[in-house]
Amino acid sequence: CALPISTVPGRRLREIATADAERLLTREALKGRKPATLLRHREILHAFWRWAERQGYVDKNVVASIPRPRLPEHDPRFLSLDQIEELEQKTAATRIGALVATAVLAGLRREELCWLTWDDVDLDAPCPVLRVRAKTVAGESWQTKTKRDRKVPVSSRLLAILRGHRNALGSRRAPWLFPSPDGC
């Protein structure tokens, strides 16, 4: 490849070394870029060099040996009890009220909520639970993010909401706990 790269003037692609890529990332860091932005820049460069290597434009990926920037750990932010109460009040009479309550009160991820079926819910057991588990429905398969099935206890507050949701759906129940308008 005879294309010069603008961040390394006067050099051809095969002439660019790991040190050049490191200098570019260091310059970006000195401009005050956040760690997540630096990580994204490195990922983009890595993907480009991997492609160039597959195409035969370069002999090796010069970015592969550059360590990934570490992202700082952040403490999770939680809704206050007042915020939970307000959210529940504002969504209770809406189509998504039970969905929002389940997300907040059971702490489920968005995808876990989307894949909950009525078979995953046991509201009439002495200790009601939601089962978050791998499954295949209508030919489509899904696996939990952690690849581990788990049971989530249902609080009395959530239990009342889910029973109301079940009763409101009546005979129109799809296999999904929270079906889309199309029943998916």
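Residues numbered from 1 in each chain as written. Predicted model: local features only at pLDDT ≥ 70, side-chain atom pairs only at ≥ 80, totals over all residues. Heavy atoms only, no water.

Trainee: What should I look at first to understand the overall build of the protein in this one?
Mentor: Looking only at helices and strands, the protein features six helices and seven strands. Against the compact-globule benchmark of 16 Å for 184 residues, the protein has a radius of gyration of 25 Å, which places it well outside the compact range. The dimensions of the protein, computed from C-alpha atoms along their principal axes, are 70 × 40 × 30 Å. Put simply, the protein has 184 residues, and 33% of those count as buried. (Helix = DSSP H or I, 4+ residues; strand = E, 2+ residues; numbered from the N terminus. Rg over C-alpha atoms; globule rule 2.2 N^0.38 Å. Buried < 20%, exposed > 50% of the residue type's maximum accessible area, 1.4 Å probe, protein only.)

Trainee: Just to check I follow, could you spell out the sheet that holds strand E4 (residues 129-132) for this structure?
Mentor: Sheets are built from strands paired through backbone hydrogen bonds, the pairs being either parallel or antiparallel. The strand order E3-E4-E7 describes an open sheet built from three strands, whose pairing is antiparallel. Each of the sheet's edge strands pairs with one partner strand only, and the pair in question is strand E3 (121-122) and strand E7 (150-153). Pairing analysis gives two bridges linking E3 to E4, with the strands arranged antiparallel. By the bridge assignment, Val-121 is partnered in E4 with Leu-130. (Pairing = 2+ DSSP bridges.)

Trainee: What am I meant to see in helix H6 (residues 156-169) here?
Mentor: For an α-helix, 3.6 residues make a turn, and residues three or four places apart therefore share a direction. Taking 1.5 Å per residue, 14 residues should reach 20 Å; H6 reaches 20 Å between its end C-alpha atoms and fits that length. Among all positions of H6, only Leu-158, Leu-159, Leu-162, His-165, Arg-166 and Leu-169 are buried. Down the axis of H6, the buried side of the element spans an arc of 125°, and every buried residue falls inside it. Residues Ser-156, Ala-160, Asn-167 and Ala-168 are exposed on H6 and point more than 90 degrees away from its buried face. Contacts made by the buried residues of H6 are with helix H4 (97-106) and E4. (Expected span 1.5 Å × (residues − 1). Arc of directions from axis to C-beta. Contact = heavy atoms within 4.5 Å.)

Trainee: Would you mind going over the confidence of the model for the protein with me for this structure?
Mentor: Caution applies to low-pLDDT regions: their predicted coordinates should not be interpreted in detail. On average, residues of the protein carry a pLDDT of 89, and 95% of them reach 70 or more. Looking across the protein, the model is least confident in strand E1 (residues 4-5), with a mean pLDDT of 50, and most confident in helix H2 (residues 35-55), with 95. (pLDDT = per-residue confidence, 0-100.)

Trainee: So what exactly am I meant to see when it comes to the pairing of E4 here?
Mentor: Side-chain positions along a regular strand alternate between the two faces of the sheet. Every second residue of E4 is oriented toward a common face, with Val-129 and Arg-131 on one face and Leu-130 and Val-132 on the other, all of them buried. As paired elements, E4 and E7 share four bridges and run antiparallel to each other. Counted as the bridge partner of Val-132 is Arg-150 from E7.

Trainee: Explanation requested: H2 in the structure shown.
Mentor: An ideal rise of 1.5 Å per residue puts 30 Å on 21 residues; H2 measures up with 30 Å between its terminal C-alpha atoms. Within the sequence span of H2, burial applies to Leu-38, Leu-39, Arg-42, Leu-45, His-46, Trp-49 and Ala-52. The arc enclosing the buried residues of H2, seen along the axis, measures out at 150°, which places them on a common side. Among the residues trailing H2, Gly-56 stands out with phi positive, at a value near 85°.

Trainee: Whenever I open this one, the nonpolar core confuses me. Can you help?
Mentor: The nonpolar side chains of a soluble globular protein tend to be buried with one another. Of all hydrophobic cores here, the largest spans 23 residues; its most connected members are Leu-108, Leu-130, Leu-162 and Phe-178. Of all the elements in the fold, those that place two or more residues in this core are H4, E4 and H6. At four residues, H6 tops the list of elements feeding residues into this core. Apart from the residues within four sequence positions on either side, Leu-162 is in contact with Thr-102, Leu-123, Leu-130, Val-154 and Phe-178. One finds Ile-16, Trp-49, Val-58 and Val-63 within the second-largest nonpolar core, a separate group that totals 13 residues. (Core = buried A, V, L, I, M, F, W, Y, C linked by side-chain atoms within 4.5 Å.)

Trainee: Would you explain the pattern of salt bridges in this entry?
Mentor: A side chain with one charge may pair with a side chain of the opposite charge, provided their charged atoms come close. In this structure the tally under the stated criterion is 16 salt bridges. Here Asp-20 and Arg-23 are joined by a salt bridge, their closest N and O atoms 2.4 Å apart. Separated by three residues within a single helix, Asp-20 and Arg-23 lie in helix H1 (residues 18-30), roughly one turn from each other. Counted as one network, the salt bridges with shared partners bring together Arg-11, Asp-20 and Arg-23. (Salt bridge = Lys/Arg side-chain N within 4 Å of Asp/Glu carboxyl O.)

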